[in-house]
Amino acid sequence: MRLYRLGESRQRREILAKLGVDKGGVAIMAEKMETLWILIRDLRTPGANILKQDALSIGADLAVPSGVITCETEKVDALLIATRAQLRRLIRKASAQPFGLKKLAKALRGFLREEQGPVRIMGVLNANDDSFYAGSRFLGDEAMNRIEAMIKEGAAIIDIGAVSSRPGAAEVSAQEELRRIRPLCEEIGKRRLFERALFSIDSYTPEVVDYALRSGFGLINDITGASDVRLIDLAVEHNADYCIMHMQGTPQTMQRAPRYEDVTAEVDAFFDERIARCEARGLPRERVLLDVGIGFGKSLEHNLTLLRNHRTFLRHGCELLIGASRKSMIDRIISTPTEERLPGTLAIHLKAVENGATVVRCHDVAEHRQALAVWEAMEGIS
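Residues numbered from 1 in each chain as written. Predicted model: local features only at pLDDT ≥ 70, side-chain atom pairs only at ≥ 80, totals over all residues. Heavy atoms only, no water.

*Asks:* Looking at this model, I keep getting lost on helix α4 (residues 84–94). Mind explaining?
*Replies:* Residues lying three or four places apart along an α-helix face the same way, a consequence of the helix completing one turn every 3.6 residues. Of the positions making up α4, those classed as buried are R84, Q86, L87, L90, I91 and A94. Each buried residue of α4 sits inside an arc of 150° when the element is viewed along its axis, so together they form one side. For α4, the secondary structure elements touched by its buried residues are β1 (35–44), α3 (45–57), β3 (75–83) and α5 (101–109). (Buried < 20%, exposed > 50% of the residue type's maximum accessible area, 1.4 Å probe, protein only. Helix = DSSP H or I, 4+ residues; strand = E, 2+ residues; numbered from the N terminus. Arc of directions from axis to C-beta. Contact = heavy atoms within 4.5 Å.)

See the structure below:
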């Protein structure tokens, strides 16, 4: 007799199929393979007692503070531990219960969502001379050559910006930003490069975004996270996708001692609000991407927490974008100049992909393509 422990859930599915289990049985057992750990904040105490008993009745569990049974406090935090199969049953039970459990059941449904689609690489090009990484700065013919090279290296998306968003960056007028970006937009349109890749405009200036979309761009990368509804309206008008990024403060102020009570909960609530804003103006969530904004108003620990909890944002039903390429969080972990941060970048991005990201924004396209190909082979992704 020989035995060994299986690794990833994909491998477990393959073994079930090889054992001859029918497809229906595989689907049922797959629901039992992954245990979800869901932190619930500010749960009404009577509801916590009901949820605890319902969880135990189906083989799941709810970790609660001592004293919850006597309702010593009005609200408590709790940790739900359940497989996907158990969570489905618990949602049905909670949907019929009072004390806020109906609302909780609706929120819990989001955690049953699966990852969406293959991983796409987004190559970065900056049409300015003050971005934090000199290797991303290209102008004129050099910029067009770099775009062509990134497409050949495997970039499905090209993200172009003309204003630096690094901490403390100087503000730039709309006229100057448009002056910088116009020649590239014209050349991209003339060469019809938008037929070979999706072009993203990294801007929150309506005039610039409108010009880019009219030149064939198909994605708005908005670091202000849909603060200006004019950008949402432009996405609707041009049938473009829209990336909502979270940032605390502005590029000029964001790294001045950023503070959160619970960074994951606060970023998650921000996404709830901004997705609702987009939907209210006619932009469906299927065309929305979410970016937690690594380094945008976050300390090192904030960034690490968001990466560890990245999978939670899948509940919104949107693609997740990760963009930590060569950022200073790497230097804070291990002292490294910007030019030497590729290994740290790959480590962060592969972890984010493992936790649900399907768009990887990076400066080093070929290296990411290789790393992702190896990772997918190890994961058994064809």
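Read on for the rest.
*Asks:* Looking at this structure, how should I read the sheet that holds strand β2 (residues 61–63)?
*Replies:* Strand pairing in a sheet is mediated by backbone hydrogen bonds. Such pairs are either parallel or antiparallel. Taken in spatial order, the three strands line up as β1-β3-β2 in an open sheet, and their pairing is antiparallel. The open sheet is flanked by β1 and β2, the only strands paired with a single partner. Going from strand to strand, the sheet's axes swing by 25° on average, the running direction of each strand aside. Two strands pair when backbone bridges link them, and β1 and β3 are joined in this way by eight bridges, in the antiparallel orientation. (Pairing = 2+ DSSP bridges. Axes fitted to C-alpha atoms, helices over the stretch in contact; angles between N-to-C directions.)

*Asks:* Help me understand the pattern of salt bridges, please; the structure alone is not making it clear to me.
*Replies:* Any two side chains of opposite charge can pair, given that their charged atoms come close. Applying the stated criterion across every chain, the model contains 27 salt bridges. For E176, the salt bridge identified is with R180, shortest N-O distance 2.9 Å. Within this pair, E176 and its partner R180 are both found in helix α7 (residues 174–191), separated by four residues, close to a single helical turn. Exposure remark for E176: the relative accessible area of 23% places this residue in the partly exposed category. Notably, a salt bridge pairs D210 with R214, separated by 3.0 Å at the nearest N-O pair. You can see D210 and its partner R214 sitting in helix α8 (residues 206–214), four residues apart, about one turn around the helix. Residues joined by salt bridges that share partners form a network here, namely E148, E187, K190, R191 and R196. (Salt bridge = Lys/Arg side-chain N within 4 Å of Asp/Glu carboxyl O.)

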